[in-house]
Amino acid sequence: MRRIIFAAALAALVLGGCSAENGGEKLKICTSFYAMYDFASEIGGDRVEIKNLVPNGAEPHEWEPTIGAMISLENADIFIYNGLGMEDFADKVKSSAGEGLVYVEASEGCDILYGNEEEHGREHEEDEEEERSHGISDADPHVWLYPYNALKEAENICEAFCLCDVKNEDYYRENLRVFEEKIIALDEAYKEGLKDVKSRDIVVSHGAYGYICEAYGLNQSAVEGMSGNSDPSPRKVREIYDYIRENNIDCIFYESLTGSRTAAAISEDLGISLYPITAYEGLNAQQEKEGLDYFDIMYNNLESFKKGLG
């Protein structure tokens with residue numbers, strides 16, 4: 001099975017796998033879910049055709065590829081996915097798609113958080129040997145929520161595009177340069193916006209924000225786990241109630257894509273506010289209508305954090 005190793009992508013080119021190198025007008029790209037689609041669109045611009053597999057509103061952790069999705073993959077040059085266990089269907093795609101398909105595991109080379117998501121953002125140290133012992137099942141896959149990880153994913157995508165479509169290399173690299181400038185500004189906005197908040201403890205409905213917490217000095221406690229697809233146990237709910245009371249927390253941040261009945265119930269019961277944030281696994285109907293991209297979403301998240309944390 002080929003992981004995202006650019007030598008493999010280059011080998012695919014030698015075998016004649018990419019349509020742009022074989023006289024095709026545009027690279028044909030399939031992406032796993034919306035964040036990957038957005039990054040590919042930012043880098044590929046009008047030189048690529050992109051089909052996103054997981055529809056908006058669906059949960060990437062649970063989605064299974066349809067016959068139509070497999071047909072799209074058969075006709076594609078490149079399949080871009082996040083990796084780190086985010087897309088359970090990725091292995092099925094690899095075992096079923098044609099040999100000419102180039103696989104880009106976009107999270108390759110990103111800084112990865114491991115372990116319980118509630119530890120992310122709190123001080124903890126691990127030596128190199130312990131870190132190497134972690135597996136994919138122990139990794140937090142939501143790497144793109146840290147701006148410089150998003151940049152690394154865009155770089156990986158750009159390299160694949162340049163390998164498969166040499167004649168447009170300068171175009172892709174210029175788009176990457178613009179993307180990097182926006183990432184630098186986003187990171188600075190988070191540093192400035194969160195440096196003086198009154199509280200650094202956040203309660204979220206979906207435990208996907210460890211990278212933001214780690215980067216900007218927040219502490220995350222989650223009602224639901226990193227996958228966001230399971231109801232919390234009664235014990236977990238009690239722990240959240242205790243955590244809110246002990247830390248004088250006056251709001252919960254809920255996932256705007258899927259919502260959270262448990263978070264809403266806790267909010268109503270304790271008389272605390274709800275603020276929307278999103279892990280950008282997809283867009284809800286309103287966000288899709290407005291045409292929001294990664295940077296819009298991340299700045300919206302920042303505004304919610306600033307309001308909720310004072």
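Look above for the structure.
Residues numbered from 1 in each chain as written. Predicted model: local features only at pLDDT ≥ 70, side-chain atom pairs only at ≥ 80, totals over all residues. Heavy atoms only, no water.

**Brief notes about the overall build of the protein**
Then comes step 1: Of regular secondary structure, the protein possesses 12 helices and 8 strands.
Then comes step 2: Across the 310 residues that make up the protein, the buried fraction comes to 52%.
Then comes step 3: Counting only contacts in the protein whose residues sit at least 6 apart along the sequence, the fraction spanning at least 24 positions is 68%.
Then comes step 4: Taken as a whole, the protein presents about 14100 Å² of accessible surface, with 46% of it coming from carbon and sulfur. (Helix = DSSP H or I, 4+ residues; strand = E, 2+ residues; numbered from the N terminus. Buried < 20%, exposed > 50% of the residue type's maximum accessible area, 1.4 Å probe, protein only. Contact = heavy atoms within 4.5 Å. Areas by Shrake-Rupley, 256 points an atom, 1.4 Å probe, with all protein chains shown as cover.)

**Focus on the packing of helix α6 (residues 147–164) against helix α7 (residues 169–194)**
Then comes step 1: Where α6 meets α7, the closest approach of the two axes is 10 Å, and the angle between their N-to-C directions is 180 degrees. Taken as axis vectors, α6 and α7 run roughly antiparallel relative to one another. Only Glu169, Tyr172, Arg173, Leu176, Phe179, Glu180, Ile183, Ile184, Leu186 and Asp187 of α7 make contact with α6, whose side of the interface consists of Pro147, Tyr148, Ala150, Leu151, Ala154, Glu155, Cys158, Glu159, Phe161 and Cys162. (Axes fitted to C-alpha atoms, helices over the stretch in contact; angles between N-to-C directions. Parallel < 35°, antiparallel > 145°, perpendicular 65-115°, else oblique.)

**Side note on unusual backbone geometry**
Then comes step 1: For Asn248, which is not glycine, the phi torsion reads 50 degrees and is therefore positive.
Then comes step 2: Overall, the relative accessible area of 68% leaves Asn248 in the exposed class.
Then comes step 3: Even without a glycine there, the phi angle at Tyr280 is positive, about 60 degrees.
Then comes step 4: If you trace the backbone, Tyr280 turns up in the loop between β8 (273–277) and α11 (285–290).

**Quick notes on the nonpolar core**
Then comes step 1: With 83 residues, the main nonpolar core has Ile78, Phe79, Ile80, Trp144, Phe161 and Tyr294 as its most contacted residues.
Then comes step 2: Tallying contributions element by element places α6 first for this core, with 9 residues.
Then comes step 3: Sequence-distant contacts of Phe161, that is, excluding residues within four places in its chain, are made with Leu27, Ile29, Ala40, Ile43, Gly44, Val48, Ile78, Ile80 and Tyr172.
Then comes step 4: Core analysis: the next-biggest nonpolar cluster, separate from the first, contains 11 residues, Val223, Ile244, Ile249 and Ile252 among them. (Core = buried A, V, L, I, M, F, W, Y, C linked by side-chain atoms within 4.5 Å.)

**A closer look at the pattern of salt bridges**
Then comes step 1: Following the criterion strictly, the structure yields 13 salt bridges and no others.
Then comes step 2: Ionic pairing is found between Glu239 and Arg235, a salt bridge with its closest N-O pair at 3.4 Å. Linking Glu239 with Arg235, this pair stays in helix α9 (residues 234–246), spanning 4 residues, or about one helical turn.
Then comes step 3: Relative accessible area serves as the criterion here: at 58%, Arg235 is assigned to the exposed category.
Then comes step 4: Residues Glu303 and Lys306 are paired through a salt bridge, measuring 3.3 Å at the closest nitrogen-oxygen approach. In this pair, Glu303 and Lys306 both sit in helix α12 (residues 294–309), 3 residues apart, roughly one turn of the helix.
Then comes step 5: Taken together, the salt bridges that share partners define one network made up of Glu159, Glu169 and Arg173. (Salt bridge = Lys/Arg side-chain N within 4 Å of Asp/Glu carboxyl O.)

**A look at the sheet that holds strand β4 (residues 102–105)**
Then comes step 1: Spatially, the 4 strands line up as an open sheet ordered β2-β1-β3-β4, and their pairing is parallel. The open sheet has two free edges, formed respectively by β2 (48–52) and β4, since each of these has just one partner strand. Averaged over all pairs of adjacent strands, the angle between strand axes in this sheet comes to 25 degrees, irrespective of strand direction.
Then comes step 2: Pairing geometry for strand β1 (residues 27–31) and strand β3 (residues 78–81), over 3 bridges, is parallel. (Pairing = 2+ DSSP bridges.)

**Examining the environment of Ile112**
Then comes step 1: Its place among the elements puts Ile112 in the loop between β4 and α5 (128–132).
Then comes step 2: Spatially, the C-alpha atoms of Ile112 and Leu84 are 9.1 Å apart, while their sequence positions differ by 28 residues.
Then comes step 3: With residues up to four places along the chain from it excluded, the contact list for Ile112 reads Leu84, Ser107, Ala139, Val143 and Tyr211.

**Let's talk about the pairing of strand β6 (residues 219–224)**
Then comes step 1: For β6, a buried count of 6 out of 6 residues is recorded, marking the element as mostly surrounded by other parts of the structure.
Then comes step 2: Bridging between strand β5 (residues 201–206) and β6 involves 5 bridges; their strand directions are parallel. In the sheet register, Ile202 faces β6, and the bridge partner there is Gln220.
Then comes step 3: Once you follow β5 into helix α8 (residues 210–216) and on to β6, the crossover reads as right-handed. (Right-handed = clockwise from strand over helix to strand, strands pointing away.)

**Description of the packing of aromatic side chains**
Then comes step 1: As enumerated under the stated definition, the model contains 18 aromatic pairs in all.
Then comes step 2: On the basis of an interplanar angle of 70 degrees and a centroid distance of 5.8 Å, the ring pair of Tyr171 and Tyr172 is categorised as edge-to-face.
Then comes step 3: On the basis of relative accessibility, which here comes to 0%, the residue Tyr172 falls in the buried class.
Then comes step 4: Measuring from centroid to centroid gives 5.2 Å for Tyr190 and Tyr216, while their planes differ by 35 degrees, and the two rings are tilted. Placement of the pair is Tyr190 in helix α7 and Tyr216 in helix α8, with a sequence separation of 26 residues. (Phe/Tyr/Trp six-rings, centres within 6.5 Å; stacked < 30°, edge-to-face > 60°.)

**Quick notes on α12**
Then comes step 1: Taking 1.5 Å as the rise per residue, α12 with 16 residues should run 22 Å; its terminal C-alpha atoms sit 22 Å apart, in good agreement.
Then comes step 2: All buried positions along α12 are accounted for by Tyr294, Phe295, Ile297, Met298, Asn301, Leu302, Ser304, Phe305, Gly308 and Leu309.
Then comes step 3: Just past α12, the residue Gly310 takes up positive phi, approximately 75 degrees. (Expected span 1.5 Å × (residues − 1).)

Read these as spatial facts, not as claims about activity.
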